[in-house]
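# Chains, contacts and geometry: an overview
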Amino acid sequence: LGGVYMKSRIPIELTVAVLASLSCLLMLVGVGLPIWAIFIGWAWYFALGATPAAFKQIYPVIIPGAVLAGLCFWLIEIFPQFGIAGMAAILLAVLITVILLMLMLKIPATSASLPAFNAYSTVFALYAIPNGFPDLGISPIISCVIWAIIANALGPILGYLSIFFTFPKKEEEK
């Protein structure tokens with residue numbers, strides 16, 4: 001009784017829809033960000049509480065999650081030099097990098113498993129899509145990791161903005 005709450009002036013359904021629509025501009029040739037990876041990052045923001053505190057859980061794990069997936073692809077490429085090829089190379093590389101990912105989750109600052117595993121899987125998906133990311137003039141694996149990180153990192157910002165643009169105001173409970 002008599003509590004204060006935040007009331008949206010603009011429905012969140014509208015702000016999310018408008019921002020989702022506008023974010024599709026990031027798919028344009030010349031930018032080429034994978035919109036689906038942005039949407040994944042956006043969902044993290046809501047899954048982890050939809051407050052700025054979610055940023056503290058999300059951003060520390062995006063880079064290591066994506067880098068470990070990049071390491072996985074690099075291992076798959078070098079294992080044949082040691083007589084491990086094909087599915088055996090894939091199994092071993094995933095085993096090693098997921099163990100490292102699981103160990104990373106034991107560190108309090110990098111313990112958010114949802115964005116960590118999603119950042120890892122974003123690199124896997126993006127690397128598998130033909131022409132899924134632009135060639136940045138460096139290793140394709142590194143280009144993929146960078147593009148995945150950028151896309152995943154934009155998502156939580158759009159999550160924050162989708163609440164911000166509801167222009168919430170404080171109201172007292174009646």
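Structural data are supplied above this passage.
To keep things clear, this report deals only with the structure shown in the data block. (Residues numbered from 1 in each chain as written. Predicted model: local features only at pLDDT ≥ 70, side-chain atom pairs only at ≥ 80, totals over all residues. Heavy atoms only, no water.)

## Observations regarding helix 4 (residues 86-104)
When the terminal C-alpha atoms of helix 4 are compared, their 27 Å separation across 19 residues agrees well with the 27 Å that a helix rising 1.5 Å per residue should span. Buried residues of helix 4: A89, A93, T97, L101 and M104, and no others. All buried residues of helix 4 lie within an arc of 90° about the axis, which places them on one face of the element. Turned more than 90 degrees away from the buried face of helix 4, the exposed residues are M87 and L91. Tucked into the core, helix 4 has its buried residues touching helix 3 (53-78) and helix 5 (113-128). (Helix = DSSP H or I, 4+ residues; strand = E, 2+ residues; numbered from the N terminus. Expected span 1.5 Å × (residues − 1). Buried < 20%, exposed > 50% of the residue type's maximum accessible area, 1.4 Å probe, protein only. Arc of directions from axis to C-beta. Contact = heavy atoms within 4.5 Å.)

## Considerations on the environment of Y160
Locating Y160 in the fold gives a position in helix 6 (residues 140-164). For Y160, a relative accessible area of 32% puts it in the partly exposed group. Sequence spacing of Y160 and I76 is 84 residues, and the spatial spacing of their C-alpha atoms is 37 Å. Setting aside residues no more than four positions away along its own chain, Y160 makes contact with Y45, P52 and F55.

## Quick look at the side chain of T110
Note that T110 resides in the loop between helix 4 and helix 5. A polar atom in the side chain of T110 sits 2.7 Å from the backbone oxygen of M104. The contact partners of T110, leaving out residues within four places of it in the chain, are P60, V61, M104 and L105. (Polar contact = N/O pair within 3.5 Å; in protein donor to acceptor, adjacent residues only side chain to side chain.)

## A few points about the pattern of salt bridges
Overall, the coordinates contain one salt bridge when judged by the stated rule. For the salt bridge of E171 with K169, the shortest nitrogen-to-oxygen distance reads 3.5 Å. (Salt bridge = Lys/Arg side-chain N within 4 Å of Asp/Glu carboxyl O.)

## Looking at a nonpolar patch on the surface
Taken together, L14, V18, L22, L25 and L28 make up a surface patch of nonpolar side chains, about 470 Å² in accessible area. Tracing the backbone through its elements, the reader meets L14 in helix 1 (residues 12-23). (Patch = residues over 30% accessible without salt bridge, like charges linked within 9 Å, V, L, I, M, F, W, Y side chains within 5 Å. Areas by Shrake-Rupley, 256 points an atom, 1.4 Å probe, with all protein chains shown as cover.)

## Let's talk about unusual backbone geometry
Glycine aside, a negative phi is what most residues show, and trans is what most peptide bonds show. Phi at A50 is positive, roughly 55°, even though this residue is not glycine. Inspection of the secondary structure puts A50 in the loop between helix 2 (35-47) and helix 3. Classification of A50 by relative accessible area gives partly exposed; the value is 21%. Unlike most non-glycine residues, N131 shows phi in positive territory, near 55°. Mapping N131 onto the fold places it in the loop between helix 5 and helix 6.

## Thoughts on the packing of aromatic side chains
Considering all chains together, one arrives at 13 aromatic pairs under this definition. On the basis of an interplanar angle of 35° and a centroid distance of 4.3 Å, the ring pair of F73 and Y127 is categorised as tilted. One end of the pair, F73, is in helix 3; the other, Y127, is in helix 5, and 54 residues separate them in sequence. By relative accessible area, F73 is classed as buried at 13%. (Phe/Tyr/Trp six-rings, centres within 6.5 Å; stacked < 30°, edge-to-face > 60°.)

## Some remarks on helix 3
For helix 3, which comprises 26 residues, the first-to-last C-alpha distance of 40 Å matches the rise-based estimate of 38 Å (1.5 Å per residue) to within 8%. Along its length, helix 3 reaches its greatest deviation from straightness, about 30°, at I62, and the proline P64 lies no more than four positions downstream. (Bend = angle between axes of the 7 residues up to and from the residue.)

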